[in-house]
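Structure assessment
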Amino acid sequence: MTTDFKREGGILTVAISGRLDTVTSPELEKSLNDNLNDVNELVLDFSSVEYISSTGLRVLLSMQKKMAKLGGMKVLNVNEMVKSVFDVTGFSDVLTIE
């Protein structure tokens, strides 16, 4: 997994590529938490995410709860496989997916 962070004012956009699984999810969570200072909107670009596990879902839920207090969060460019995981787990109802 690789991440590319871009900040514009209070908006942090993170382009994630690769697999979001038990090995990479803790790294993503730490990186996100380390970069949330003065952020009121978190945008996660999933255009290059190939796979997400339950551990990756947990990170998204944790960030969603945190960002709900700070402003908001949305997930962009979700492929069909990841979208089906979101649908089956109910995350499509919890996350803002565009």
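Look up a bit, the structure's there.
Residues numbered from 1 in each chain as written. Predicted model: local features only at pLDDT ≥ 70, side-chain atom pairs only at ≥ 80, totals over all residues. Heavy atoms only, no water.

**Regarding the pairing of strand β4 (residues 72-76)**
Two elements, strand β3 (residues 41-52) and β4, share five bridges in a ladder whose sense is parallel. Paired with Glu 41 across the strands is Gly 72, a residue of β4. (Pairing = 2+ DSSP bridges. Helix = DSSP H or I, 4+ residues; strand = E, 2+ residues; numbered from the N terminus.)

**Brief notes about the environment of Asp 21**
Relative to the helices and strands, Asp 21 is located in the loop between β2 (11-20) and α1 (25-34). Judged by its relative accessible area of 13%, Asp 21 falls in the buried class. Separated by 19 residues in sequence, Asp 21 and Thr 2 have C-alpha atoms that sit 12 Å apart. For Asp 21, the contacting residues outside a window of four places in its chain are Pro 26, Tyr 51, Ser 53 and Thr 55. (Buried < 20%, exposed > 50% of the residue type's maximum accessible area, 1.4 Å probe, protein only. Contact = heavy atoms within 4.5 Å.)

**Thoughts on the sheet that holds β2**
Read across the sheet, four strands follow the order β1-β2-β3-β4 without closing on themselves; strand pairing throughout is mixed. The sheet is open, and its two edges are formed by β1 (2-8) and β4, each paired on a single side. The average angle at which neighbouring strand axes cross in this sheet is 15°, direction not considered. Contacts from α1 reach β1, β2 and β3, with the element oriented near 170° to β2. Sheet strands in contact with helix α3 (residues 80-89) are β3 and β4, and its direction is about 110° off that of β3. (Axes fitted to C-alpha atoms, helices over the stretch in contact; angles between N-to-C directions.)

**Concerning unusual backbone geometry**
Residue Asp 38 is not a glycine yet carries a positive backbone phi of 60°. A positive phi is found at Asn 77, a non-glycine position, where the angle reads about 60°. Examined against the element boundaries, Asn 77 turns out to sit in the loop between β4 and α3. Asn 77 sits in the partly exposed class, given a relative accessible area of 41%.

**Some thoughts on the pattern of salt bridges**
Taken as a whole, this structure holds seven salt bridges when the rule is applied. Residue Arg 58 pairs with Glu 29 through a salt bridge whose shortest N-O separation is 3.1 Å. Linking Arg 58 in helix α2 (residues 54-70) with Glu 29 in helix α1, this pair joins segments that are 29 residues apart in sequence. Given a relative accessible area of 16%, Glu 29 falls into the buried group. Close ionic contact of Lys 74 with Glu 41 constitutes a salt bridge, the shortest N to O distance being 3.5 Å. Of the two residues, Lys 74 sits in strand β4 while Glu 41 sits in strand β3, which places them 33 residues apart along the sequence. The structure contains a network of salt bridges with shared partners spanning Glu 41, Lys 74 and Glu 98. (Salt bridge = Lys/Arg side-chain N within 4 Å of Asp/Glu carboxyl O.)

Purely geometric stuff here, so don't read any function into it on its own.
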